[in-house]
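The residues making up each chain are set out below.
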Amino acid sequence: MVNIIRTENYQELSKHAADIIQATIENKPDCVLGLATGGTPIGTYQQLIDRFREGKIDFSKVTTFNLDEYYGLSSDHEQSYHFFMFEQLFRHINVPPERVHIPFGLPEDIETHCQYYEQVIQDAGGIDLQILGIGENGHIGFNEPGPSLQTGTHLVPLSQETIRANSRYFASIQEVPKKAITMGIRTIFQARRIVLLASGANKAAMIRRLLDDNITTEVPATLLKLHPDLTILVDQEAGSEI
Ligand code: GLP
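So, here's what we can say about the structure. The structure presented is a predicted model; accordingly, all values stated were derived computationally and were not measured. (Residues numbered from 1 in each chain as written. Predicted model: local features only at pLDDT ≥ 70, side-chain atom pairs only at ≥ 80, totals over all residues. Heavy atoms only, no water.)

**Points about the side chain of D68**
Rules: Counting from the N terminus, the helices are the DSSP runs of H or I reaching at least four residues and the strands are the DSSP runs of E reaching at least two. Partly exposed describes any residue whose relative accessible area lies between the buried limit of under 20% and the exposed limit of over 50%, with all areas from a 1.4 Å probe on protein chains only and scaled to the type maximum. Residues scored as positive are Lys and Arg, those scored as negative are Asp and Glu, and His as well as the terminal groups of each chain are ignored. Salt bridges are identified by distance alone: a Lys or Arg side-chain nitrogen within 4 Å of an Asp or Glu carboxyl oxygen. Every residue pair with non-hydrogen atoms within 4.5 Å of one another is taken to be in contact.
As for its position among the elements, D68 is in strand β4 (residues 68-70). No salt bridge is formed by the buried D68; its nearest oppositely charged neighbour, K203, is found at 12 Å. Setting aside residues up to four positions removed in sequence, D68 forms contacts with T37, Y81, I102, P103, G141, F142, I181 and T182.

Okay, here's the thing in structure tokens:
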């Protein structure tokens with residue numbers, strides 16, 4: 001069942017998402033969180049940092065897995081998702097670095113690395129709560145629209161739309177990596193709960209399509225409707241077409 005939560009604005013959306021994460025950790029201090037990058041979760045991460053500083057959340061037993069990483073960028077590259085996650089969240093809270101997992105952008109052997117990533121998620125007991133953003137083209141993680149989707153963690157060519165959308169974080173569009181490593185649809189679906197965050201008018205059409213369209217790999221987010229525990233958090237603008 002899809003549970004839709006409408007919030008007034010980005011601030012409220014971020015607070016609500018942080019409430020869900022905080023409750024998950026309170027119920028299960030050693031929970032496994034699946035985390036996302038992009039602009040959308042930044043407010044949520046700021047909320048988590050504030051609550052940690054106020055002594056309200058303890059991340060010391062939490063394990064995290066990130067959805068994706070650009071292929072070809074080292075972990076200390078400023079545009080890598082590794083760098084992003086440490087800047088936006090991890091270095092401000094008490095999650096032990098050895099419990100943080102992000103696909104590595106420069107693996108020696110891509111197949112081995114993807115299999116390893118799947119295995120570590122299994123070994124950790126699976127993901128309790130997966131936070132997702134949504135691409136304007138309906139991608140989740142970096143599972144791009146296409147005639148088929150891969151199931152497990154894999155290397156994926158980025159679509160022109162995604163390269164263009166993500167170029168806002170790079171000095172020029174030429175610098176945006178052409179490939180990424182992403183959890184697959186099966187990996188994401190194995191999470192016991194999924195919470196998708198969408199903020200802003202540029203996400204409104206895709207949120208409508210997620211809910212109204214038939215399930216199709218051409219709009220990967222439509223597949224989420226098959227998940228037994230999906231919550232969609234929207235602000236007024238992202239929810240304006242539903
Ligand atoms: C990126 C990430 C996705 C994210 C999406 C939306 O491409 N791989 O995980 O959900 O962009 O990003 P934003 O929140 O900045 O709109």
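After that view, the rundown keeps rolling.
**Here we look at helix α2 (residues 42-53)**
The test is simple: Multiplying 1.5 Å by the residue count of a helix minus one yields the expected span of that helix.
Along its 12 residues, α2 runs 17 Å from first to last C-alpha, staying within 8% of the 16 Å computed at 1.5 Å per residue. For α2, every residue scored as buried is listed here: G43, T44, Y45, Q47, L48, I49 and R51. Note on α2: the residue one or two positions beyond its end, G55, has a positive phi of about 80°.

**Concerning the site of the ligand**
Going by this rule: Whether a residue is near a molecule or strand depends on its heavy atoms: it is near if one of them lies within 4 Å of it. Here a polar contact is taken to be a pair of N or O atoms separated by no more than 3.5 Å, where protein atoms must pair a possible hydrogen donor with a possible acceptor and residues adjacent in sequence count only if both atoms sit in side chains. For every accessible area listed, the method is Shrake-Rupley and the probe measures 1.4 Å; residues are considered covered only by the protein chains on display. Each residue gets one label: Ala, Val, Leu, Ile, Met, Phe, Trp, Tyr, Cys and Pro are nonpolar, Asp, Glu, Lys and Arg are charged, and the others, such as Gly, are polar.
In the vicinity of the ligand lie 14 residues, with G39, T40, D68, R168 and K203 positioned nearest. Separating an oxygen atom of the ligand from a side-chain N or O atom of N166 is a distance of 3.1 Å. Residue Y169 places a side-chain N or O atom 3.4 Å away from an oxygen atom belonging to the ligand. Within the complex, 94% of the 390 Å² of free accessible area of the ligand lies under protein. Of the residues belonging to the shell around the ligand, the class tally is 4 nonpolar, 7 polar and 3 charged.

**Let's talk about the environment of S75**
Its place among the elements puts S75 in the loop between β4 and α3 (81-88). The sequence separation of S75 and P103 amounts to 28 residues, and the corresponding C-alpha distance is 9.5 Å. If sequence neighbours within four positions are ignored, S75 has contacts with S80, H82, F83 and F104.

**Points about the sheet that holds β4**
Our working definition: Whether two strands pair comes down to DSSP finding at least two bridges between them. Every axis in this analysis is a line fitted to C-alpha atoms, fitted for helices over the stretch in contact. Angles between the N-to-C directions lie between 0 and 180 degrees.
In space, the 3 strands of this open sheet follow the order β4-β8-β7, with antiparallel pairing throughout. With partners counted over all chains shown, the strands left at the sheet margins are β4 and β7 (154-157), one partner each. On average, adjacent strands in this sheet sit at an angle of 25° to one another, irrespective of strand direction. By the bridge criterion, 3 bridges tie β4 to strand β8 (residues 179-182) in an arrangement that is antiparallel. Bridging across to β8, E69 finds its partner in I181.

**What about helix α1 (residues 10-27)?**
Under the 1.5 Å per step criterion, the end-to-end length of α1 is 26 Å for 18 residues, consistent within 8% with the ideal 26 Å. Taken together, the buried positions of α1 are L13, S14, A17, A18, I20, I21, Q22, T24 and I25. Of the surrounding elements, those touching the buried residues of α1 are β2 (32-35), α2, β6 (129-132), β9 (193-198) and β10 (230-234). Capping the start of α1 is the job of one residue whose side-chain oxygen sits 3.2 Å from the backbone nitrogen of Q11: N9.

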